[in-house]
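Summary of the model geometry
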Amino acid sequence: TLPLELAAIAALAPVMLLRVLRVKGWAGLDRALLARLSPYIALVVALALMRLVPAVHDRLEHPSFKPFADASTFAPLLSPALPLLVIALVVALRRGGAKQATTLMKLTLRRSGRAALLTFLLVGMAWIMVGSGLAGGIGLAVSSVLGSWSAGIVPVAGALGGYLTGSNTGAGAVSM
């Protein structure tokens, strides 16, 4: 019932809270912890507003565009990256001023090239796999071998592969 980002947060937040309580006890829940967590709390609130409040969602849904004719519509203002960038900028300005925020932005832009290229290549590879029918063929082959078990085994195998390789393979498999 929750969007992917909020479902992950809802699953992880209790685990993280129990860990803090186990390690530090109730004394660990103090103002210093709240101050350190405030950017993350703001991000969760922003994501919840964007995804769960229809009036906010409808406002941010436009402008939108279709990157390809057969692709789904993309609404950049509904991207989780938007509140993440805004909150990061606010935190950088509050903690280090405009000079440090500018330095961080320049450093981020310098270092983002490889990540952007990798993302572009992975999306391109996925587009080729789907367009050629390879992904569908693999899905049918796995389904024919594993039957009804395939729906449960594929995410577990992906998560295990992600854990063993230290990559986001598991997140991709689970979300598929």
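For the structure, check the block above.
This text gives an overview of the structure that appears in the document. The residue numbers shown here count from 1 along each chain, following its written sequence. In view of the model being predicted, local features appear only for residues whose pLDDT reaches at least 70, and side-chain atom pairs are presented and counted only at 80 or more, with totals across whole chains, interfaces and linings using the full set of residues. Hydrogens and waters are ignored; side-chain quantities use all the structure's heavy atoms.

Attention now goes to the overall build of the chain. The secondary structure content of the chain amounts to seven helices and zero strands. Shown N-terminal to C-terminal, the secondary structure of the chain runs as helices and strands in the order α-α-α-α-α-α-α. Here the globule rule is a power law, 2.2 Å times the number of residues to the power 0.38, and the radius of gyration is based on C-alpha atoms. Here the C-alpha radius of gyration of the chain, 20 Å, is well above what a compact globule of 176 residues would show, namely 16 Å. Viewed in the frame of its principal axes, the chain has a C-alpha envelope of about 55 × 40 × 35 Å. Helix and strand definitions follow DSSP, with helices as H or I runs of at least four residues and strands as E runs of at least two, each counted in order from the N terminus.

Moving on to the nonpolar core. As used in this record, nonpolar core signifies buried Ala, Val, Leu, Ile, Met, Phe, Trp, Tyr and Cys residues forming a set joined through side-chain atoms within 4.5 Å. We call a residue buried when its accessible area falls under 20% of the maximum for its residue type, exposed when it is over 50%, and partly exposed in between, using a 1.4 Å probe and counting protein chains only. Counting five residues, the largest nonpolar core is built from Leu6, Leu43, Leu47, Ile87 and Val91. Of all the secondary structure elements, the ones that give two or more residues to this core are α2 (31-52) and α4 (81-132).

In this section: unusual backbone geometry. Where the residue is not glycine, phi is negative for most of them; where a peptide bond is considered, it is trans in most cases. Cis geometry is found at the peptide bond from His62 to Pro63, where omega equals 15 degrees. Within the secondary structure layout, Pro63 lies in the loop between α3 (54-60) and α4.

Direction vectors running N to C along helix α5 (residues 134-146) and helix α6 (residues 150-165) enclose 120 degrees, while the axes themselves pass 9 Å from each other. Classed by the angle they form, the pair α5 and α6 counts as oblique. When you trace α5 past α6, the crossing you get is right-handed. Each of Val142, Ser143 and Leu146 in α5 lies in contact with α6, whose residues at this interface are Ser150, Ile153 and Val154. Gly is put with the polar residues, along with every residue not named as nonpolar or charged; the nonpolar set is Ala, Val, Leu, Ile, Met, Phe, Trp, Tyr, Cys and Pro, and the charged set is Asp, Glu, Lys and Arg. Looking at the contact of α5 with α6 residue by residue, the class counts come to four nonpolar, two polar and no charged. In this analysis an axis means a line fitted to C-alpha atoms, helices contributing only their contacting stretch, and an angle means the value between N-to-C directions, from 0 to 180 degrees. We call two directions roughly parallel when the angle between them is under 35 degrees, roughly antiparallel when it is over 145, roughly perpendicular when it lies between 65 and 115, and oblique otherwise. In a left-handed crossing the near helix is turned counterclockwise from the far helix by less than a right angle, and in a right-handed crossing that turn is clockwise. By the convention used here, residues are in contact when the closest approach between their heavy atoms is within 4.5 Å.

Moving on: the packing of α2 against α4. Relative to each other, α2 and α4 sit at 150 degrees, their axes nearing to 10 Å. Comparing the axis directions of α2 and α4 gives the class roughly antiparallel. α4 is crossed by α2, and the crossing has right-handed handedness. When α2 is examined against α4, the residues Ala35, Pro39, Ala42, Leu43, Ala46, Leu47 and Met50 are found in contact with a partner set consisting of Pro83, Leu84, Ile87, Val91 and Arg95. Looking at the contact of α2 with α4 residue by residue, the class counts come to 11 nonpolar, no polar and one charged.

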